[in-house]
Number of protein chains: 2
Amino acid sequence: MTDLPKIDAARLWSDLMTMGAIGATAGGGSYRPALGDADREARGLFRFWCEEAGLTVTTDAIGNIFARREGSEPALPPVLVGSHLDTQMPGGKFDGVLGVLAGLAVVRALNAGGVATRHPIEIVDWTNEEGARFQPGVMGSAVFAGSLPIEEALSRTDPAGAVLARELARTGQAGSTAVGGRSIHRYLELHIEQGQELERAGDQIAAVSHTSFMCSGYVTVKGENGHTQTTPMSARRNALTAAAKLILAIDEIGAAEEPGGMVSASTIDNWPNNRVNIPHQTDLSFAVVHMEDAGRRRIMERIEAAVATIAAETGLTLCLEFRHFRDGFEFSPDLRQKVLSAARKSGYGARELPTLTAHDALSLHALCPTALIFVPCRDGISHSEKEWCAPEHAAAGAEILLQLAASEAGLEQKPD
Amino acid sequence: MTDLPKIDAARLWSDLMTMGAIGATAGGGSYRPALGDADREARGLFRFWCEEAGLTVTTDAIGNIFARREGSEPALPPVLVGSHLDTQMPGGKFDGVLGVLAGLAVVRALNAGGVATRHPIEIVDWTNEEGARFQPGVMGSAVFAGSLPIEEALSRTDPAGAVLARELARTGQAGSTAVGGRSIHRYLELHIEQGQELERAGDQIAAVSHTSFMCSGYVTVKGENGHTQTTPMSARRNALTAAAKLILAIDEIGAAEEPGGMVSASTIDNWPNNRVNIPHQTDLSFAVVHMEDAGRRRIMERIEAAVATIAAETGLTLCLEFRHFRDGFEFSPDLRQKVLSAARKSGYGARELPTLTAHDALSLHALCPTALIFVPCRDGISHSEKEWCAPEHAAAGAEILLQLAASEAGLEQKPD
């Protein structure tokens, strides 16, 4: 390993800032919802950089982009390295982007050092990881891993009614290759932590050990229409008022569960949403997350109880449903150990950490041994224009990614 | 007056039910937001009925429809009789529709009796009274009365981004005549009460005496983006949670003011409104209504105080603005007296009542002596599929409207 070439840290940082200029927001973040025009521009730049680096770029039918550096044994399954270029609305410059551009930095380093690997290495940009515009998130990787039917993904619509398949076509991102159905040797994803553990511990690298228990909750409150300027206050059956009570109740339930779990209502849709009509329907939804199955169950039960209480208090009908269950699992112990060893050999403080939230690595885990590597992000802030990863942390993560990619792809003995 | 022909009550009821079939909802109401396809169909049927009755139909540039029965002195300004055919989303079969179709019943009765009037009589369907799809409401009549510039009305957009001028054109409702700018002799509007006073008193007719003091309130809560699955609960700056507190506070303020005044938050818009992002902005709005200026001021002050308290509690920024002030006024005492006399002579219980909410009559009051006549609606329910006006009340209202229209338009002496 000692004779591996170095990551070009300055170039990686320059790439991150350059990519961040696409869809840049006044607040210092990026606004590139999946398959919008800014995402298209970001993908175009990524393809250009990959071709410039001598890679073969293909796009599959759900828009996942693969940039392949051939191995000395092309028939071997590839090591995939990547993450996603789409952002929240608005998001930061690092969530997802770091994993993709660090993959590019890895390949450039191998190129610069003239290092050949037995397995091919492919950098991947997964379509719609964020789920900010089209639900569900981690979409491209889920279709690739076979856990989400492509027909279902293609038919999803955004809040304005745009159909994903049409946006794929409109932005020129509907590729010609089939999605998945091929053997993958390893999946390696570098990501910002989105928490404060590394920062607090003064460490630079985390090997993600296990994932959380998640689900989504959906509530529909049914009230009754009426005139806001004539209906007596006591006679109002106001769906929005009942929803407000539930928003506050859910927040209290979340506060009681941290740090192991958390929940906040974060979406609301209200009908007919005008000033002269009492809302007859208000929908809420929220993500439930807990490191333990029992904790997830406890949050669900407490929300069920709050819903029942509010229904009794208001006399309105509240329908609660939980969907999209995702159980926690452990990542490959072998790869975790390799991440920790590589980090410590390179002089970094390293530790294992769980992940509360989902990443494309959660999809790929079903296909092959997978490593998810975290680097610190300032104050644990993410999904925010304030999201920030220090240049030295980005470089440290890319360095460990390089070592892991090289060892897993298998170094070809140089002829000298 | 005694030799006036009778209203055809069965035909009026049939017309109301027929009109209600356009945009009919499963719950027994109608869904005809202004300048949508159902509104276009309703307007087409209204034009057909008017032409069938021998009226001359014109449409002005904001889509107000006028169906004119010529007077024996055509140069005299017309008596306008009408209301609106657009509905809430969903609304009932009577709010607005009764005033328009009773106007048609009046003209049909005059036709059947061969009664000529000195002043022309015009039935009017005002565009977008409800303000359910395009803000503000009472739009067509406000432009007609000169209180809303037509450019401002034409440029309004609905929540899906459709521009009013384009919807006017798309649905064929952009007429060729100028809006307003002509002399109007009287404006007479029949409407359901949207309250329970007539029902409780056992009366059939109300002459509306005065109007309420109104305004609209707009609140923007500024929070901060963050990941819902990783940001510690205690570190969240959640705009939606603060908005929920304010919704409940506003509801309490409204409850303390009734029956003189009322207020409920009834619109909410939330960004970015997905399950993985803490809301960074939540907007609320609400209509304030009170029969007294001091009451309106008290509601505003209490909401200001609630906003300040919630800002202090949450550390978030809340911006509150009040707009669209409309002061109360008295309707023409002369016409009110005529309504009461006509009702009592016809054997109906009659009284004066205020109106809490706005009607097109509030716009027309600026142009000419105006009468607003109420008939009972069941349980005071309106802006609802459950809205209901008994056939005998609809007929009673049309009968009084006929008497008032005939007397104000001036009966031409018959040659016999």
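This structure is a prediction, so every number in the text was calculated from the model and none was measured. (Residues numbered from 1 in each chain as written. Chains lettered and ligands numbered in written order. Predicted model: local features only at pLDDT ≥ 70, side-chain atom pairs only at ≥ 80, totals over all residues. Heavy atoms only, no water.)

(A) A look at the state of the cysteines. All told, the structure shown has zero disulfides over all chains when counted by the stated rule. Cysteine Cys389 of chain A remains unbridged, with the sulfur of Cys377 of chain A as its closest cysteine sulfur at 7.5 Å. Residue Cys389 of chain A is classed as buried on the basis of its relative accessible area, which comes to 0%. Residue Cys50 of chain B stays outside any disulfide, its sulfur separated by 19 Å from that of Cys368 of chain B, the closest cysteine. (Disulfide = S-S within 2.5 Å. Buried < 20%, exposed > 50% of the residue type's maximum accessible area, 1.4 Å probe, protein only.)

(B) Up close: the sheet that holds strand 6 (residues 205–211) of chain B. Residues and elements named next belong to chain B. Strand order in the open sheet formed by eight strands is 1-2-4-3-5-13-6-12, with mixed pairing between adjacent strands. Only two strands of the sheet have a single neighbouring strand rather than two, namely strand 1 (56–59) and strand 12 (350–355). The mean angle between the axes of side-by-side strands here comes to 30 degrees, regardless of whether they run parallel or antiparallel. For strand 5 (residues 186–192) and strand 13 (residues 370–375), the ladder comprises six bridges, and the chain directions are parallel. Within strand 13, the position partnered with Tyr187 by the bridge is Thr370. (Pairing = 2+ DSSP bridges. Helix = DSSP H or I, 4+ residues; strand = E, 2+ residues; numbered from the N terminus. Axes fitted to C-alpha atoms, helices over the stretch in contact; angles between N-to-C directions.)

(C) Representation of the side chain of Ser212 of chain A in the model. For Ser212 of chain A, the position within the fold is in the loop between strand 6 (205–211) and strand 7 (213–222). On the basis of relative accessibility, which here comes to 0%, the residue Ser212 of chain A falls in the buried class.

(D) The arrangement of unusual backbone geometry in detail. Of the consecutive residues Glu258 of chain A and Pro259 of chain A, the connecting peptide bond is found in the cis state with omega at 10 degrees. Of note, Pro259 of chain A is situated in the loop between helix 8 (239–257) and strand 8 (261–262). Its identity as a non-glycine residue notwithstanding, Asp379 of chain B has a phi of 55 degrees, on the positive side. When you line up the elements, Asp379 of chain B lands in the loop between strand 13 and helix 12 (391–409).

(E) The pattern of salt bridges, seen in detail. Residues and elements named next belong to chain A. Throughout the structure, instances matching the rule amount to 56 salt bridges over all chains. Arg133 is paired through a salt bridge with Asp158; the nearest N and O atoms lie 2.9 Å apart. Of this pair, Arg133 sits in the loop between strand 4 (121–125) and helix 4 (139–145) while Asp158 sits in the loop between helix 5 (150–154) and helix 6 (164–170), and the two are 25 residues apart along the sequence. Here Arg133 matches Asp158 in class, with each residue buried. Residue Asp293 pairs with Arg297 through a salt bridge whose shortest N-O separation is 3.6 Å. Of the two residues, Asp293 and Arg297 both sit in helix 9 (residues 293–314), four residues apart, roughly one turn of that helix. (Salt bridge = Lys/Arg side-chain N within 4 Å of Asp/Glu carboxyl O.)

(F) Just the UniProt feature "binding site: Zn(2+) 1" (unreviewed entry) in chain A, in detail. Residues and elements named next belong to chain A. When the UniProt feature table is mapped to this numbering, "binding site: Zn(2+) 1" (unreviewed entry) covers His84, Asp95 and His191. Spanning 108 residues, the named residues nonetheless gather at one spot, since no C-alpha pair among them exceeds 9.9 Å. Position of His84 relative to the elements: it lies in the loop between strand 3 (79–83) and helix 3 (97–113). Classification of His84 as buried rests on a relative accessible area of 0%. Look past the residues within four positions of His84 in its chain and what remains in contact with it is Asp95, Gly96, Val97, Val100, Asp125, Trp126, Glu129, Glu130, His191 and Asp360. In this fold, His191 is placed in strand 5 (residues 186–192). Look at His191 and you get buried, because its relative accessible area is 0%. Ignoring anything within four residues of it in the chain, the contact list for His191 reads Ser83, His84, Asp95, Gly96, His359, Leu372, Ile373, Phe374 and Val375. A polar contact of 3.4 Å, which involves the side chain of His191, links it to the backbone nitrogen of Gly96. (UniProt positions renumbered as here; feature names shortened; annotations may be inferred. Contact = heavy atoms within 4.5 Å. Polar contact = N/O pair within 3.5 Å; in protein donor to acceptor, adjacent residues only side chain to side chain.)

(G) Here's a closer look at the pairing of strand 4 (residues 121–125) of chain B. Residues and elements named next belong to chain B. Counting buried residues in strand 4 gives five out of five residues, a clear majority hidden from the surface. With burial as the criterion, each face of strand 4 is covered, one bearing Ile121, Ile123 and Asp125 and the other bearing Glu122 and Val124. For strand 3 (residues 79–83) and strand 4, the ladder comprises five bridges, and the chain directions are parallel. Across the sheet, residue Leu80 finds its bridge partner in strand 4, namely Glu122.

(H) Main features of the relation of the copies chain A and chain B. For the pair chain A and chain B, the best superposition has an RMSD of 0.1 Å and corresponds to a rotation of 180 degrees with a translation of 0.1 Å parallel to the axis. The relationship between the two copies is best expressed as a two-fold rotation axis. No C-alpha of chain A approaches the rotation axis more nearly than that of Ala244 of chain A, which lies at 2.2 Å. Comparing interface residues between copies, 100% of those in chain A also sit at the interface in chain B, which points to an isologous, same-surface contact. (Least-squares fit on C-alpha atoms with pLDDT ≥ 70 in both.)

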